[in-house]
Amino acid sequence: MYTVNFISYSSAILGHQHCRESVLLDIFSISVQVTWKHVKRVIVIRVIVSILGAAQCAVCAPMELAKTRMQMQSLGERSDRSNSKYRSVSDCLRKVYRTEGFAGLTRGMASTAVREVPGVGVYFLSYEWLCHSLRSTDTGQGSLFVSFIAGGLAGCIAWTTIYPVDVIKSRLQADEIVPGQSTCYRYNGIVDCVRKSVATDGVRVLVRGLNPTLARAFPSSAATLTVAAQFHYYVCGDVIESS
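Below, the structure is looked at part by part.

Reading the values: the criteria
- Residues numbered from 1 in each chain as written.
- Predicted model: local features only at pLDDT ≥ 70, side-chain atom pairs only at ≥ 80, totals over all residues.
- Heavy atoms only, no water.
- Helix = DSSP H or I, 4+ residues; strand = E, 2+ residues; numbered from the N terminus.
- Buried < 20%, exposed > 50% of the residue type's maximum accessible area, 1.4 Å probe, protein only.
- Polar contact = N/O pair within 3.5 Å; in protein donor to acceptor, adjacent residues only side chain to side chain.
- Patch = residues over 30% accessible without salt bridge, like charges linked within 9 Å, V, L, I, M, F, W, Y side chains within 5 Å.
- Areas by Shrake-Rupley, 256 points an atom, 1.4 Å probe, with all protein chains shown as cover.
- Salt bridge = Lys/Arg side-chain N within 4 Å of Asp/Glu carboxyl O.
- Axes fitted to C-alpha atoms, helices over the stretch in contact; angles between N-to-C directions.
- Parallel < 35°, antiparallel > 145°, perpendicular 65-115°, else oblique.
- Contact = heavy atoms within 4.5 Å.
- Nonpolar A, V, L, I, M, F, W, Y, C, P; charged D, E, K, R; others polar.

1. A short note on the side chain of Ser 147
Alright, step 1. Its location among the elements puts Ser 147 in helix H7 (residues 143-174).
Alright, step 2. For Ser 147, a relative accessible area of 1% puts it in the buried group.
Alright, step 3. Looking at Ser 147, its side chain comes within polar contact range of the side chain of Tyr 127, at 3.3 Å.

Structure representation (C-alpha cells):
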C-alpha cells in the first residue's frame, strides 16, 4: 500500500541540501544546529505524506469495502461459491451500487482517511527515526538490515496507532442494507459506530485482532520498505538513509 508513497516521500526528502542525509535525521542529530529551515522542511514533508495518504483513499476505500463484504459473507453457514452473494470484487461493487447507491461505495471513506492521513505520516517518520537510531548503535550491520528492521517496527508502530480507527472502518464497511431485511444502516457514522460498538462489546473491541495484525505488519512492512529502498538505490543511485 505504501510503496508509491515511499518513492514520493523519498523524493521530497532528497530535495534537502545533503543528498545522503534526510531533513528528519538532521533534526535527530545532535551535531546539527536545528534551524527554522529544517523544521519547515519537515512540516512540508509531513503535509505531502498526509496528502498522499488522503489521495489513496479514493481507490483503497471501495476496494477495502469489497474485501470486507466478501470476507463477511463467509460467516455463518458454510456455502459453496455458487451460493455466495458476491462472486468477485467487481460483482460486489456492482451489487453494492445497485442496492445502496454511490453512498454505499464510499461508505467508510471518511474513516479510511482518518486512518491513512496520520497513519502514513507515522509510518514513514518512525521509519526515518528508527533508521537513525539503529545506525547510531554502530552494530556494523548494513543498510539492508537497517531498512528491514526499521521497516518492520515502523509498520507495527503505525498499525498500533491507527488500529482503533481501522476497527471502526471495518465495522462501517461491513454494515450493509439487505433488501427485504433492513432499510437503513445500523451505524450512522464514525461517532455513532464508536458509541454503539463500545456500549455493546466494551472498550477492548477497539483493539480486537491487533495481535495478528501486528504479526502481519512486521514482515510485510519490512519487505516493502527494504525492496523500496533498494529500488530507490538502483534508480537514483542513493539510498534514503545514509549507510
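After that view of the structure, there is still more to cover.
2. Looking at a nonpolar patch on the surface
Alright, step 1. Where nonpolar side chains cluster on the molecular surface, the patch consists of Val 59, Met 63 and Val 89 and spans about 260 Å² of accessible area.
Alright, step 2. Looking at the element boundaries, Val 59 is found in helix H4 (residues 57-72).

3. As for the packing of H7 against helix H8 (residues 190-201)
Alright, step 1. Axis separation between H7 and H8 bottoms out at 10 Å; the angle between their running directions is 100°. Between H7 and H8, the angle falls in the class roughly perpendicular. Mapping the contact onto sequence places Ile 168, Arg 171 and Leu 172 in H7 and Ile 190, Cys 193, Val 194, Ser 197 and Asp 201 in H8.
Alright, step 2. Among the residues forming the contact of H7 with H8, the class breakdown is 5 nonpolar, 1 polar and 2 charged.

4. Here's the deal with the side chain of Asp 91
Alright, step 1. Within the fold, Asp 91 resides in helix H5 (residues 89-105).
Alright, step 2. Overall, Asp 91 belongs to the buried group, its relative accessible area being 7%.
Alright, step 3. A polar contact is formed between the side chain of Asp 91 and the backbone nitrogen of Arg 87, at a distance of 2.9 Å.

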